[in-house]
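Each chain is listed here by its residues.
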Amino acid sequence: MIVEDQKLHYSVDTTRGGLPREESNSNSVLRECTQCSESHWRDCNVASRGDDNNLTTYYHSQPGLVYPWWVLDLGNTHIIHHINILPRPGYYSFRFHNIEVRVGNIREESGNFSSFSLFSTYVGPYSDTMGNLSCYRRDGVTGRYISVQRVTPEDDMLQISDVRVFVLIQ
């Protein structure tokens, strides 16, 4: 993706270990980890599959969970302006709906992200013809953690193929 101003922005490409797209020694951002709403129950349930630069893999929450979530740790606090999400493509793409994307500074493992700033919402449903979903905040939101969570009480699984985060260099 082309970034508006290469001097002001860079992409935290979580699929390459957090290295900026415009690589430089002084501006690298390391992705610490991803986490999700449940423990490992099968291969597609591994949280890191939601940002592994492989569009044939995906994160898939456990069936029957209400309010499933997925979190990305950027390693440090940044001003975030753009988050790009690719839901799992294919037959199950309709499952990506009623989503909140939030940004916070404190690691949260309970699934209650109300202390995080709301970055964007997506009502959906998603269709493969839509491609990547982009969330923009001109004002930017400061944080270290990005949460993606279904906020309606259905048991449609949360399925994420890829997440990219764009931040402001200070």
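(A) Geometry of unusual backbone geometry. Residue P125 follows G124 across a cis peptide bond; omega there is 5°. When you line up the elements, P125 lands in the loop between strand 6 (117–122) and strand 7 (133–150). The phi torsion at Y67 lies on the positive side, around 60°, for a residue other than glycine. If you trace the backbone, Y67 turns up in the loop between strand 3 (59–60) and strand 4 (69–87).

(B) Looking closely at the packing of aromatic side chains. Tallying each qualifying case throughout the model produces three aromatic pairs. Taking the centre distance of 5.3 Å and the plane angle of 70° together, the rings of W69 and F113 count as edge-to-face. Note that W69 is positioned in strand 4 and F113 in the loop between strand 5 (99–104) and strand 6, a separation of 44 residues in sequence. Of the two residues examined, W69 and F113, each falls in the buried class. Taken together, a centroid distance of 5.2 Å and an interplanar angle of 65° make the contact between F113 and F116 edge-to-face. Across the pair, exposure class does not vary: F113 and F116 are buried alike. What links up through ring pairs into an aromatic cluster is the set W69, F113 and F116. Between R137 and the ring centre of F119, over which it is positioned, the NZ or CZ distance is 5.9 Å.

Reading guide: rules and limits
Every chain begins its residue count from 1, and numbering advances along the sequence as written. Local features in this predicted model are restricted to residues of pLDDT 70 or higher, and side-chain atom pairs are both shown and tallied only at a pLDDT of 80 or more, whereas totals for entire chains, interfaces and linings draw on every residue. Heavy atoms from the whole structure form the basis of all side-chain values; hydrogens and water molecules are not counted. Per the convention used, a helix needs a DSSP run of H or I reaching at least four residues, while a strand needs a run of E reaching at least two, with both numbered from the N terminus. A pair of Phe, Tyr and Trp rings is counted when the ring centres sit within 6.5 Å of each other, with Trp represented by its six-membered ring. The angle between the planes then sorts it: under 30 degrees is stacked, over 60 is edge-to-face, the rest tilted. Accessibility here uses a 1.4 Å probe with only protein chains present; expressed as a share of the type maximum, an area under 20% marks a residue as buried, one over 50% as exposed, and anything in between as partly exposed. The criterion is that NZ of a Lys, or CZ of an Arg, lies within 6 Å of the ring centre and within 35 degrees of the ring normal, and then a charge sits over that ring.

Function cannot be read off these values alone, since they describe shape.
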